[in-house]
Amino acid sequence: MLNYKSLLSQNVQDSIHAKKSILEDSTLLDNFNAATECLVECYKRGGRLYIAGNGGSAADSQHLAAEFVSKLARDRNPLPSEALTTDSSILTAIGNDYGYQYVFSRQLQAKLQPNDVFLAITTSGMSQNIVEALNVCKEKNVKSILLTGRDGGRCAEIADFNLIVPGTKTSTIQELHIVLAHTMCEAVETKMFFENT
Ligand SMILES: O=C(CO)[C@@H](O)[C@H](O)[C@H](O)[C@H](O)COP(=O)(O)O
Ligand SMILES: [Zn+2]
């Protein structure tokens, strides 16, 4: 019989193990540093951050955009950011007229400016609408950051900064994405507004 308490213990242990492995992953730590610097530069030059993902990663996209625009932890000016997952009219029109694989790429074609950055969130690295969105960034010469897991899939071949977190389950990978994304937002917030305080 399923034991709920042992399932929770197992999941907490998996989560702790995956989070601890980040500390020894020098490639991930270096890429995180470079991606954060890229985002700070974007904002210093007046750029915007666009974010997209599917399912739980769509929720994460909105969660993060809210923290850049409103605040993470400290009062400050808003930082421009937009999740590409929120406008049901745009999503259904593009999905219906062109195909679901274009729901993010077409928005980026319409919106991207040279100083912008795109943050893609996909646990598999294989979602076709994220692949298409990263291809638009490449075409437009706009920097892209990828939060992913496993081997990063096709997306890791296209993005500029690959943040490939450890963990074998989609849910664990998503938990790690939030740790990295919150930290990136905290770092940008501090660098842009509070570095000398
Ligand atoms: O949140 C979860 C699972 O934790 C799901 O909704 C999950 O995000 C969806 O299956 C997504 O479609 C997975 O897409 P991706 O992470 O592989 O790009
Ligand atoms: Zn989930």
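Residues numbered from 1 in each chain as written. Chains lettered and ligands numbered in written order. Predicted model: local features only at pLDDT ≥ 70, side-chain atom pairs only at ≥ 80, totals over all residues. Heavy atoms only, no water.

- By the naming in an unreviewed UniProt entry, the protein goes by Phosphoheptose isomerase and is assigned to Permianibacter aggregans.
- Looking at the Catalytic activity (unreviewed entry) heading of the UniProt record, one finds this comment for the protein: "2 D-sedoheptulose 7-phosphate = D-glycero-alpha-D-manno-heptose 7-phosphate + D-glycero-beta-D-manno-heptose 7-phosphate". (UniProt positions renumbered as here; feature names shortened; annotations may be inferred.)

## Digging into the UniProt feature "binding site: substrate" (unreviewed entry) in the protein
For step 1, the next point in the chain: Here, the residues flagged by UniProt with the feature "binding site: substrate" (unreviewed entry) are Asn54, Gly55, Gly56, Glu67, Asn96, Asp97, Thr122, Thr123, Ser124, Ser127 and Gln174. Considering the C-alpha atoms alone, the annotated residues occupy 121 residues of sequence and remain spread out, their largest mutual distance being 32.1 Å.
For step 2, the next point in the chain: With respect to the secondary-structure elements, Asn54 resides in the loop between β1 (49–53) and α3 (56–69).
For step 3, the next point in the chain: When sequence neighbours within four positions are dropped, the list of residues in contact with Asn54 reads Tyr100, Phe104, Ile121, Ser127, Asn129 and Ile130.
For step 4, the next point in the chain: Along the chain, Asp97 turns up in helix α4 (residues 88–97).
For step 5, the next point in the chain: A relative accessible area of 55% means that Asp97 is categorised as exposed. (Helix = DSSP H or I, 4+ residues; strand = E, 2+ residues; numbered from the N terminus. Contact = heavy atoms within 4.5 Å. Buried < 20%, exposed > 50% of the residue type's maximum accessible area, 1.4 Å probe, protein only.)

## Quick word on the pattern of salt bridges
For step 1, the next point in the chain: In the structure shown here, the tally under the stated rule is six salt bridges.
For step 2, the next point in the chain: As a salt-bridge pair, Lys71 and Asp75 come within 3.8 Å of each other at their nearest N and O atoms.
For step 3, the next point in the chain: Glu82 is the salt-bridge partner of Lys111, the closest N and O atoms lying 2.5 Å from each other. In this pair, Lys111 sits in helix α5 (residues 105–111) while Glu82 sits in strand β2 (residues 81–83), placing the two residues 29 residues apart along the sequence.
For step 4, the next point in the chain: Overall, Lys111 belongs to the partly exposed group, its relative accessible area being 23%.
For step 5, the next point in the chain: Among the ionic contacts, a cluster of salt bridges with common partners joins Arg48, Glu82 and Lys111. (Salt bridge = Lys/Arg side-chain N within 4 Å of Asp/Glu carboxyl O.)

## Some details on the side chain of His177
For step 1, the next point in the chain: One can find His177 in helix α7 (residues 170–193).
For step 2, the next point in the chain: When near neighbours in sequence (up to four residues on either side) are disregarded, His177 contacts Ile121, Thr122, Thr123, Leu147, Thr148, Gly149 and Val165.

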